[in-house]
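# Report on the structure
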Amino acid sequence: METSLKTRILPAGTAATAAAADVLATGGLVAFPTETVYGLGADATNATAVAHLYQAKGRPAFNPLIAHVGDLAAARRIARFDAVATALAEAFWPGPLTLVLPKAEDCPVAELATAGLDTVAVRVPAHPIARDILRAFGRPVVAPSANLSGHVSPTTAEHVASDLAGRIDLIVDGGPVEVGVESTIVGCFARATLLRPGGLPRSEIERALGHKLEQLPADAESDSGQPLAPGMLASHYAPRTNVRLNADRIEPGEALLAFGPLRISGVDSAAAVMNLSAGGDLAEAAANLFGHLRALDTTAARAIAVMPIPHEGLGEAINDRLRRAAVGRE
């Protein structure tokens, strides 16, 4: 793809919001912060704009996108809500939860954005900058992570620029994001099903539902078939450096992505060390995950060794992203 666009970077504020709405209205691409990661926005109703988004990211066109809207009323204009979906939306929106729902009869979201499925993924983000842009624009905005497809997701405007400068029109710089991993995705099918763990822990959703979420079979993910929801490709969120999971020692030439106390053999000879959370805080670890992976990816280490992360709360989402980063690289 040509990278001849002049990418503006504007600090968040009234002028940036107006500029973002103007770019979206003319079919352009805008990166902006959400509470999870920076998203790359395009008019969800404009198939040409969506095609340009796929092209800018190098994203497979069979991978559906999440439509971001300002409130539940706007979500009802593009999707059909049953009692379960309504309860989840009322409990967790705005916030880091995406619902996969049947399309409304006159759903305006472009077929390309839903990858031809009869469902649509929809979310109401909580970040004030994202909400201001959605309000100013007035239509649904598809906004996958603002990075090259398959690469580590961006949590700062600088991360976005390093991947997409020259490919998109505008970056709205709102500083580092808060959550640091993408939204949790729940499919509202015959039974509510967890499609992707994320920034809203499974336990909170199950508490609101009063029962367990269904789980997809392990073979539901691949890099060749059509996914049911965004972020379900087996290989995803990947740095260029090999990733080795659940490391109990550091091999020569490896960098270390640590969690908690550095009680691991070989740490003194590591090519580089970054700790997701020295105190073992999973929320801090989630916020640091993609930034630390990007930083370690620049160290010329032969691999990134990752210490074990507890598989509870936000740890489920962290481990999901790390597993996808390591697919085909271990």
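Residues numbered from 1 in each chain as written. Predicted model: local features only at pLDDT ≥ 70, side-chain atom pairs only at ≥ 80, totals over all residues. Heavy atoms only, no water.

### Side note on the pairing of strand β10 (residues 192-196)
Most of β10 sits out of view: 5 of its 5 residues are buried. In terms of strand pairing, strand β9 (residues 184-188) meets β10 through 4 bridges, oriented antiparallel. Counterpart to Gly 187 in the pairing with β10 is Thr 193. Hairpin remark: β9 followed by β10, antiparallel, with 3 residues in the connecting loop. Here β10 pairs with strand β11 (residues 214-215) via 2 bridges, running parallel. Bridge pairing in β11 links Leu 194 to Gln 215. Each parallel crossover has a hand, and for β10 linked through helix α7 (residues 202-209) to β11 it is right-handed. (Buried < 20%, exposed > 50% of the residue type's maximum accessible area, 1.4 Å probe, protein only. Helix = DSSP H or I, 4+ residues; strand = E, 2+ residues; numbered from the N terminus. Pairing = 2+ DSSP bridges. Right-handed = clockwise from strand over helix to strand, strands pointing away.)

### Re the pattern of salt bridges
Applying the stated criterion across every chain yields a total of 16 salt bridges. The partner of Arg 123 in a salt bridge is Glu 35, with the nearest N and O atoms 2.7 Å apart. Within this pair, whereas Arg 123 is found in strand β6 (residues 119-123), its partner Glu 35 is found in the loop between β2 (30-33) and β3 (38-43), the two being separated by 88 residues in sequence. The two residues Arg 123 and Glu 35 agree in class, both being buried. Where Lys 103 meets Glu 111, a salt bridge forms, and the shortest distance between an N and an O atom there is 3.1 Å. (Salt bridge = Lys/Arg side-chain N within 4 Å of Asp/Glu carboxyl O.)

### So, the packing of helix α8 (residues 282-296) against helix α9 (residues 315-326)
Viewed as axis vectors pointing N to C, α8 and α9 meet at an angle of 20 degrees, and their least axial separation amounts to 9 Å. Regarding the angle of α8 to α9, the classification is roughly parallel. Seen from above, α8 lies across α9 with left-handed handedness. Packed against α8, whose contacting residues are Leu 282, Ala 285, Ala 286, Leu 289, Phe 290 and Leu 293, the element α9 presents Gly 315, Ile 318, Arg 321 and Leu 322 at the interface. Residue composition of the contact of α8 with α9, grouped by class: 8 nonpolar, 1 polar and 1 charged. (Axes fitted to C-alpha atoms, helices over the stretch in contact; angles between N-to-C directions. Parallel < 35°, antiparallel > 145°, perpendicular 65-115°, else oblique. Left-handed = near helix turned anticlockwise from the far one by under 90°. Contact = heavy atoms within 4.5 Å. Nonpolar A, V, L, I, M, F, W, Y, C, P; charged D, E, K, R; others polar.)

### Overview of the sheet that holds strand β13 (residues 254-258)
The pairing of strands in a sheet comes from backbone hydrogen bonds and takes either a parallel or an antiparallel form. The strand order across the open sheet built from 4 strands is β12-β15-β13-β14, with neighbouring strands paired in parallel fashion. With partners counted over all chains shown, the strands left at the sheet margins are β12 (243-244) and β14 (273-275), one partner each. The pairing of β13 with strand β15 (residues 303-306) spans 4 bridges and is classified as parallel. Paired with Leu 256 across the strands is Ala 305, a residue of β15.

### A word on the nonpolar core
Among the nonpolar cores identified, the biggest contains 49 residues, and Phe 81, Leu 88, Trp 93, Leu 97, Leu 99, Ile 168 and Ile 205 are the most heavily contacted of them. Per-element tally for this core: the top contributor is helix α2 (residues 47-57), with 5 residues. Those residues in contact with Ile 168 that lie beyond four places of it in its chain are Leu 5, Lys 6, Thr 7, Leu 29, Ala 31, Leu 40, Ala 56 and Val 160. In terms of nonpolar packing, the next biggest core, distinct from the first, is built from 27 residues, Val 179, Leu 276, Leu 282 and Phe 290 among them. (Core = buried A, V, L, I, M, F, W, Y, C linked by side-chain atoms within 4.5 Å.)

### Quick word on the sheet that holds strand β1 (residues 8-11)
As summarised here, the arrangement of the 11 strands in space is β1-β8-β2-β3-β7-β4-β6-β5-β9-β10-β11, forming an open sheet in which the pairing is mixed. One side of each edge strand has no neighbouring strand; the edge strands of this open sheet are β1 and β11. Against the sheet, α2 touches β3 and β7 (141-142), its axis set at about 145 degrees to β3.

### A look at unusual backbone geometry
Cis geometry marks the peptide bond from Trp 93 to Pro 94; its omega dihedral reads -5 degrees. Structurally, Pro 94 is set in the loop between α4 (83-92) and β5 (97-102). The phi torsion at Asn 246 lies on the positive side, around 50 degrees, for a residue other than glycine. Along the chain, Asn 246 turns up in the loop between β12 and β13. Its relative accessible area of 54% is what places Asn 246 among the exposed residues. One non-glycine residue with positive phi stands out, namely Ala 300, at about 65 degrees. On the secondary structure map, Ala 300 appears in the loop between α8 and β15.

### Quick word on the layout of surface pockets
Each pocket or cavity is described by its volume, and for the second largest pocket that value is around 230 Å³. Looking at the lining of the second largest pocket, its residues break down into 6 nonpolar, 3 polar and 5 charged. (1 Å grid on protein atoms, 1.4 Å probe; cavity = no way out; pocket = protein on both sides within 12 Å on 5 of 7 lines; lining within 4 Å. Points joined across faces, edges and corners; volume = space filled by probe spheres on them.)

### Some remarks on α4
Among the residues of α4, those classed as buried are Ala 85, Thr 86, Leu 88, Ala 89 and Phe 92. Axial view of α4: buried residues confined to an arc of 165 degrees, hence all on one face. Exposed residues on α4 whose side chains face more than 90 degrees from its buried face are Ala 83 and Glu 90. Those residues of α4 that are buried lie in contact with α3 (72-76), β5, β9 and α7. For α4, the side-chain oxygen to backbone nitrogen distance between the N-cap and Val 84 is 3.2 Å, and the N-cap itself is Asp 82. (Arc of directions from axis to C-beta. Polar contact = N/O pair within 3.5 Å; in protein donor to acceptor, adjacent residues only side chain to side chain.)

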